[in-house]
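# Fold and contact review
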Amino acid sequence: GESVGLHLPTLSVQEGDNSIINCAYSNSASDYFIWYKQESGKGPQFIIDIRSNMDKRQGQRVTVLLNKTVKHLSLQIAATQPGDSAVYFCAENKGAGSARQLTFGSGTQLTVLP
Amino acid sequence: DVKVTQSSRYLVKRTGEKVFLECVQDMDHENMFWYRQDPGLGLRLIYFSYDVKMKEKGDIPEGYSVSREKKERFSLILESASTNQTSMYLCASSDPGGPLTDTQYFGPGTRLTVL
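Calculation criteria
- Residues numbered from 1 in each chain as written.
- Chains lettered and ligands numbered in written order.
- Predicted model: local features only at pLDDT ≥ 70, side-chain atom pairs only at ≥ 80, totals over all residues.
- Heavy atoms only, no water.
- Buried < 20%, exposed > 50% of the residue type's maximum accessible area, 1.4 Å probe, protein only.
- Helix = DSSP H or I, 4+ residues; strand = E, 2+ residues; numbered from the N terminus.
- Pairing = 2+ DSSP bridges.
- Phe/Tyr/Trp six-rings, centres within 6.5 Å; stacked < 30°, edge-to-face > 60°.
- 1 Å grid on protein atoms, 1.4 Å probe; cavity = no way out; pocket = protein on both sides within 12 Å on 5 of 7 lines; lining within 4 Å.
- Points joined across faces, edges and corners; volume = space filled by probe spheres on them.
- Disulfide = S-S within 2.5 Å.
- Polar contact = N/O pair within 3.5 Å; in protein donor to acceptor, adjacent residues only side chain to side chain.
- Contact = heavy atoms within 4.5 Å.

A few words now on the pairing of strand E9 (residues 87-94) of chain B. All names here are of chain B. With respect to burial, E9 is a largely interior element, eight of its eight residues being buried. Where strand E4 (residues 31-38) lies against E9, seven bridges are found, and the strand directions are antiparallel. Paired with Tyr-35 across the bridge in E9 is Leu-90. Note that E9 and strand E10 (residues 105-106) share two bridges and pair antiparallel. Directly across from Ser-93, in E10, lies its bridge partner Tyr-105.

In structure tokens:
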């Protein structure tokens, strides 16, 4: 079946270091991938997305890399700050037309150490 | 900015009660979704709707129903709450006709406890 998984459930980094959060997906037909950030007690917030016709996309302090050969997705956060502490989810799309949905991974807890 | 609101942040109900969770979005989005979120299981789709009065089952619809009478409002109903429905419930919306077709915007969540 389809699955979107994460290599590590937790990640701790020093403030100022770069963070890399990884995600594996299994559906070769997925053409859209998205990263969300969820802070404690809040709903998931959109961070960055990427379509399958790209292998890299950059935002403000964040970069998403897509490797379709090995079905791997990563989120890189530059100069990690305390406010980056949260759970990060990757998601891939499925379905067609107006019934398109997202399948989510279980999340990685990022902790930023002082 | 897209705003998705949910009627309650915290809710405590008893086994067997009928529970209504309400979600409202203000961006005229066509699609709306209900998920539950449990530790280690991520977000699991319960139901979604791509138009008024339309609904589709997600991955875990058992024990739930939904209602979408108006475009901006999507309700999740637990006909007879059970303890295994204790969870965080998240509502989301998306605009299939917009430039970010699949991007879903989430509400703050409702933490439901069934005793």
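Still to come is the rest of the account.
This brings us to the packing of aromatic side chains. Applying the stated criterion across every chain, the model contains nine aromatic pairs over all chains. Summarising the aromatic geometry, the rings of Tyr25(A) and Phe33(A) are spaced 4.5 Å apart at their centres and angled 50° between planes, so their arrangement reads as tilted. Neither residue differs from the other here; Tyr25(A) and Phe33(A) are each classed as buried. Where Phe104(A) meets Phe106(B), the ring centres are 5.9 Å apart and the plane angle is 75°; that geometry is what we call edge-to-face. Residue Phe104(A) is located in strand E10 (residues 101-104), and its partner Phe106(B) is located in strand E10; the two belong to separate chains. Taken together, the ring pairs connect Tyr36(A), Phe104(A), Phe33(B), Tyr35(B), Phe48(B) and Phe106(B) into an aromatic cluster.

What follows concerns the pairing of strand E3 (residues 19-25) of chain A. All names here are of chain A. The alternating pattern of E3 places Ser-19, Ile-21, Cys-23 and Tyr-25 on a buried face and Ile-20, Asn-22 and Ala-24 on a face that is not buried. Of the pairings in the sheet, the one linking E3 to strand E8 (residues 72-77) comprises six bridges and is antiparallel in character. The residue of E8 that forms the bridge with Cys-23 is Leu-73.

For the rest of this paragraph, the subject is the layout of surface pockets. Taken as a whole, the largest pocket spans an internal volume of roughly 410 Å³. If you go around the largest pocket, you meet 22 residues; those closest to its centre are Gln38(A), Val87(A), Phe89(A), Gln37(B) and Arg111(B). Elements supplying a minimum of two residues to the lining of the largest pocket: strand E9 (86-94) and strand E11 (108-113) of chain A together with E4 and E9 of chain B. Here the lining of the largest pocket gets three residues from one element, more than from any other, and that element is E9(A).

Our next topic: the state of the cysteines. Residues and elements named next belong to chain B. Under the defined criterion, the tally for this structure stands at two disulfides over all chains. Each sulfur of the disulfide joining Cys-23 and Cys-91 lies 1.9 Å from the other. Between Cys-23 and Cys-91, the S-S torsion sits near -80°, and that sign places the bridge as left-handed. Here Cys-23 is found in strand E3 (residues 19-25), whereas its partner Cys-91 is found in strand E9, with 68 residues between them in sequence. Overall, Cys-23 belongs to the buried group, its relative accessible area being 0%. Residue class for Cys-91 comes out buried when judged on its relative accessible area of 0%.

Positionally, Thr103(B) belongs in the loop between E9 and E10. Thr103(B) gets classed as buried once you look at its relative accessible area, which sits at 0%. Within the structure, the side chain of Thr103(B) is placed 2.7 Å from the side chain of Tyr32(A), a separation counted as a polar contact. Residues contacting Thr103(B), with those up to four places away along its chain left out, are Tyr32(A), Ile34(A), Tyr36(A), Phe46(A), Asp49(A), Ser93(B) and Ser94(B).

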